[in-house]
Amino acid sequence: MATFLYKLGRFAFRRRHFVALIWVALLTLAGVGAASAPAAGNSSFSIPGTEAQRAFDLLEQRFPGTSADGATARVVFKAPSGEKMTDAGNKATVRKAVKELSDGSEVASVDDPFEKHAVSKDGSVAYASVKYDVSGMELEDSSKDALNAAAQTARGAGLTVEIGGDALTAAPETGSTEVIGIAIAAVVLVITFGSLIAAGLPLLTALIGVGIGVSTITALANALDLGSTTSTLAMMIGLAVGIDYALFIVSRYRAELAEGREREEAAGRAVGTAGSAVVFAGLTVVIALVGLSVVNIPMLTKMGVAAAGTVAIAVLIALTMIPALLGYAGRKVQPAGRKSRLLGGGRAARKAAANPGRPNMGTRWASFVVRRPVAVLLLGVVGLGAAAVPAASLELGLGDDGSQPTSTTQRRAYDLLSDGFGPGFNGPLMVVVDADASDSPKAAVSKVSDEIKGLKDVVTVAPAQFNKAGDTATIAVIPDSKPSSVTTEDLVHGIRDAGAQIEADTDAKVLVTGSTAMNIDFSQKLNDALLPYLALVVGLAFLLLIVVFRSVLVPLKAALGFLLSVMAALGAVVAVFQWGWLSGLLGVEETGPIMSMMPIFMVGVVFGLAMDYEVFLVTRMREAYVHGEKPGQAVVTGFKHGARVVTAAAVIMIAVFSGFIGSSESMIKMIGFGLAIAVFFDAFVVRMAIVPAVLALLGKKAWWLPRWLDRALPNVDVEGEGLRKAADARDTDPDEDRKLVRV
């Protein structure tokens, strides 16, 4: 592989105009596609194989024309202090608003709160339910404007009016912190390279790669039902890895220049060595993201595949466009150790001349770890173990309007309904009774209602609503506790347990659905898939790393280190978003259960990113060991060449992920924080401390591989041994150089 990538790097360097033109054309094509594509909102949500989804599908069949997937809104009215909603003036105001809402072209129905008994017992709160013919994704802006206008009219009459439901769902805003994250990345690159030109190359290529990836997602969003969250996550991950991959190529290029090689040769060797690490690091990330499809949740699969596509683009750009841009930059990109005069290059040169033998910080740190491996290993493991302690209290769930910031109308509507009708009113359960096979459908439905009324935590059981055929009925159940509580989850399981007995007695099937039941089933499905997913992803990556490092213990150590970092990161997420530590500093307005997909998403993404640093850092050690150094010295050499760059890459990735903490969407905020803290733990504790300590303790055993396995594995030559032999051959046969670069 190293030889092929070497040829690719030299080709891109020489044919820079052709390579740059291809990428600019792809960016333009994706941009035009995104600009001309119809807008798309949140993707549809389905959970194949769950009871809640089967009930939803049954409603579509048995209640045709009811727009089961249509958008909904609850317009909540609160009377002024000392008044009631049933007062004549307030009642007239509400009915005027209901009439305004009914005139909308996409409105399927609007319930009058006084006819539907949707007034609280104390008379202070009432709500009107609005149902639309189309989903929230397809809802026109004019319908949303009409909804807000009707609410504003009622506010003008003195009522407090807030709107809940999914009709006003908007795309998440990341805020200015995303730009700050990119700015921090730029500063780190300038400090690392000591050159504005060299620092600008990774940023430029990363932005081009993300531009192509996100524009493609936007262009296909409507056709493939991709939500706004999909593009945000692809941007988050693509930007981070795009900068990092380019950083490693440019850094190796400067190191090759420092060894006296010509620029084209340096570009080829940089892509052949560091590029090999980029390919395998990218493969681990792609495996982890595409592996999310095993969960069999369409939304999660689309997110993973879209982000994986953006990562693949980042790899290709690093391997081709970076050497092309290095060709354009020419002598403006200096060898390693030199800085531009603008950034203090003269002072740096004088300082280096005064201290020619002084080791860099990476060398000093690695030497310390090699001398004290047991102490460093224990400190790292104990520290991560302490950070992971809160993960033992992990509670999973899906956010609803109750997790929205208090500044939003959805959250204020949620609170008004909770105060007026009880906390369970915001999460009603929909019980669907399929009595098609029953001898007496009405008797079966009546029995179901009676059974539910006898369960704990039930406040209200509404009268059953039959379809036209009379073989299916829906029963609305209001719990006594809030939607995300364990008590409500127990009630869902209680209804399902009672339904099993009812089916045995009456042949009527009882299914529980609704947003609360969907969330419960979603969380359960993710929990069930976590271990199989972990085994699949870690297993495939373990095999890949055996091929890369030609070792059994190094990949095993990498996997165990990853588990430490991801558990510590989950502990930090629980401490902030569930316990409320530092919540004010991070803008977390509402604590509660951790998003259900967080553990499995972090396992996938963090594993891929963690293997980035493992590959980049340990391949340098492997390269030194293969070239004859002792195991301990190889660790120090690996840090000498790789620690500064890996540190810069980690800081950049942390900055990029932290930029998404400013998002208005709680899911994006949580993922941004979780990934940022996970990269911090993995890069600076696991890869920078635990990894060298373990390798120092293992010595030569770290690179042990059974002979039969050594013969069976393909030789991918990540360390570039083939390039070294080719260089020796060119020294004796000048014609060999022309053979090697021919593409």
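Residues numbered from 1 in each chain as written. Predicted model: local features only at pLDDT ≥ 70, side-chain atom pairs only at ≥ 80, totals over all residues. Heavy atoms only, no water.

Turning next to the sheet that holds strand E4 (residues 160-165). Adjacent strands of a sheet pair through backbone hydrogen bonds, lying either parallel or antiparallel. Within the open sheet, the four strands sit side by side as E2-E3-E1-E4. Their pairing is antiparallel. With partners counted over all chains shown, the strands left at the sheet margins are strand E2 (107-110) and E4, one partner each. Averaged over all pairs of adjacent strands, the angle between strand axes in this sheet comes to 20°, irrespective of strand direction. Against the sheet, helix H5 (residues 141-156) touches strand E1 (72-78), strand E3 (125-132) and E4, its axis set at about 155° to E4. Its contacts with the sheet put helix H14 (residues 409-421) on E1, E3 and E4, and the angle it makes with E4 is roughly 105°. (Pairing = 2+ DSSP bridges. Helix = DSSP H or I, 4+ residues; strand = E, 2+ residues; numbered from the N terminus. Axes fitted to C-alpha atoms, helices over the stretch in contact; angles between N-to-C directions. Contact = heavy atoms within 4.5 Å.)

In helix packing, the relevant descriptors are the interaxial angle and the interaxial distance, both defined with respect to the helix axes. It is the contact of helix H13 (residues 373-388) with helix H18 (residues 553-578), at a shortest axis distance of 7 Å, that shows an interaxial angle of 40°. You can see that H13 and H18 cross each other, and the crossing is left-handed. Taken together, the residues of H18 that come into contact with H13 (itself represented by Val381, Leu384, Ala387 and Ala388) are Leu564, Ser565, Met567, Ala568, Gly571 and Ala572. Taken together, the residues of the contact of H13 with H18 sort by class into eight nonpolar, two polar and no charged. (Left-handed = near helix turned anticlockwise from the far one by under 90°. Nonpolar A, V, L, I, M, F, W, Y, C, P; charged D, E, K, R; others polar.)

Positive phi is not limited to glycine here, since His117 has a value of about 55°. Within the secondary structure, His117 is located in the loop between E2 and E3. When its relative accessible area of 72% is taken as the criterion, His117 is described as exposed. Despite not being glycine, Asp507 has its phi angle at roughly 65°, a positive value. With a relative accessible area of 47%, Asp507 lands in the partly exposed category. (Buried < 20%, exposed > 50% of the residue type's maximum accessible area, 1.4 Å probe, protein only.)

The contact between helix H12 (residues 361-371) and helix H22 (residues 666-698) brings their axes to 8 Å, and the two run at 50°. Classed by the angle they form, the pair H12 and H22 counts as oblique. For the pair H12 and H22, the sense of crossing is right-handed. Here H12 contributes Trp365, Val369 and Val370 to the contact with H22, which in turn contributes Met688, Ala689, Pro692, Ala693 and Ala696. (Parallel < 35°, antiparallel > 145°, perpendicular 65-115°, else oblique.)

Now for the packing of aromatic side chains. In this structure the tally under the stated criterion is nine aromatic pairs. Ring centres 5.4 Å apart and planes at 85° place the aromatic pair Tyr127 and Phe421 in the edge-to-face group. With Tyr127 in strand E3 and Phe421 in helix H14, this pair connects stretches of sequence that are 294 residues apart. Taking 5.7 Å as the distance between ring centres and 25° as the angle between the ring planes, the aromatic pair formed by Tyr625 and Trp703 counts as stacked. (Phe/Tyr/Trp six-rings, centres within 6.5 Å; stacked < 30°, edge-to-face > 60°.)

In this section: helix H17 (residues 515-549). Look at H17: 48 Å from first C-alpha to last across 35 residues, which is about the 51 Å you get at 1.5 Å a residue. Of all the bends found along H17, the most pronounced is centred on Leu530 and spans about 40°, while Pro532, a proline, follows it within four residues. Looking one or two residues beyond H17, the residue adopting positive phi is Arg550, at roughly 50°. (Expected span 1.5 Å × (residues − 1). Bend = angle between axes of the 7 residues up to and from the residue.)

Moving on, we come to the pattern of salt bridges. Using the criterion set out here, one finds 18 salt bridges in the structure. Here Glu265 ties to Arg10 by a salt bridge, and the two come within 3.0 Å at their closest N and O atoms. Within this pair, whereas Glu265 is found in helix H9 (residues 263-290), its partner Arg10 is found in helix H1 (residues 2-14), the two being separated by 255 residues in sequence. Judged by relative accessible area, which is 9%, Arg10 ranks as buried. For the salt bridge of Arg95 with Asp112, the shortest nitrogen-to-oxygen distance reads 3.0 Å. (Salt bridge = Lys/Arg side-chain N within 4 Å of Asp/Glu carboxyl O.)

Moving on, we come to the side chain of Thr488. Among the secondary structure elements, Thr488 is positioned in helix H16 (residues 486-506). Given the relative accessible area of 0%, Thr488 is considered buried. Look past the residues within four positions of Thr488 in its chain and what remains in contact with it is Asp457, Pro479, Ser481, Lys482, Pro483, Thr516 and Ile520.

What follows concerns the confidence of the model for the protein chain. The predicted model of the protein chain averages 82 in pLDDT, with 89% of residues at 70 or higher. Here helix H11 (residues 345-354) stands out as the element of the protein chain with the lowest mean pLDDT, 46, in contrast to H13, whose mean of 94 is the highest. (pLDDT = per-residue confidence, 0-100.)

Walk down a regular strand and you will see the side chains alternate between the two sheet faces. Along E3, six of the eight residues are buried, which leaves the element largely enclosed by surrounding structure. Direction of pairing for E1 relative to E3: antiparallel, over a ladder of seven bridges. Within the sheet, the bridge partner assigned to Arg74 lies in E3 and is Ser129. Bridge count between E2 and E3: three bridges; the pairing is antiparallel. Along E3, the bridge assignment pairs Val107 with Tyr132.

This brings us to the side chain of Glu106. Note that Glu106 resides in the loop between helix H4 (88-102) and E2. Lys144 provides the closest opposite charge to the buried, unpaired Glu106, separated from it by 8.9 Å. There is a polar contact of 2.5 Å between the side chain of Glu106 and the side chain of Ser143. (Lys, Arg positive; Asp, Glu negative; His and termini not counted. Polar contact = N/O pair within 3.5 Å; in protein donor to acceptor, adjacent residues only side chain to side chain.)

Turning our eyes to something else, we now look at the environment of Ala314. Within the element layout of this structure, Ala314 appears in helix H10 (residues 298-329). Counting along the chain gives 106 residues from Ala314 to Ile208, while the straight-line C-alpha distance between them is 8.9 Å. With residues up to four places along the chain from it excluded, the contact list for Ala314 reads Val241, Gly242 and Tyr245.

What follows concerns the environment of Phe673. With respect to the element layout, Phe673 can be found in helix H22. Separated by 14 residues in sequence, Phe673 and Gly659 place their C-alpha atoms 8.9 Å apart. If sequence neighbours within four positions are ignored, Phe673 has contacts with Ala572, Val573, Val576, Phe577, Leu586 and Ile661.

Within the fold, Phe616 resides in helix H20 (residues 598-626). Phe616 sits 26 residues away from Gly642 along the chain, and the two C-alpha atoms are 7.3 Å apart. Once residues lying within four places of it in the same chain are set aside, the contact partners of Phe616 are Tyr245, Phe248, Ala274, Ala277, Val278, Ala281 and Val646.

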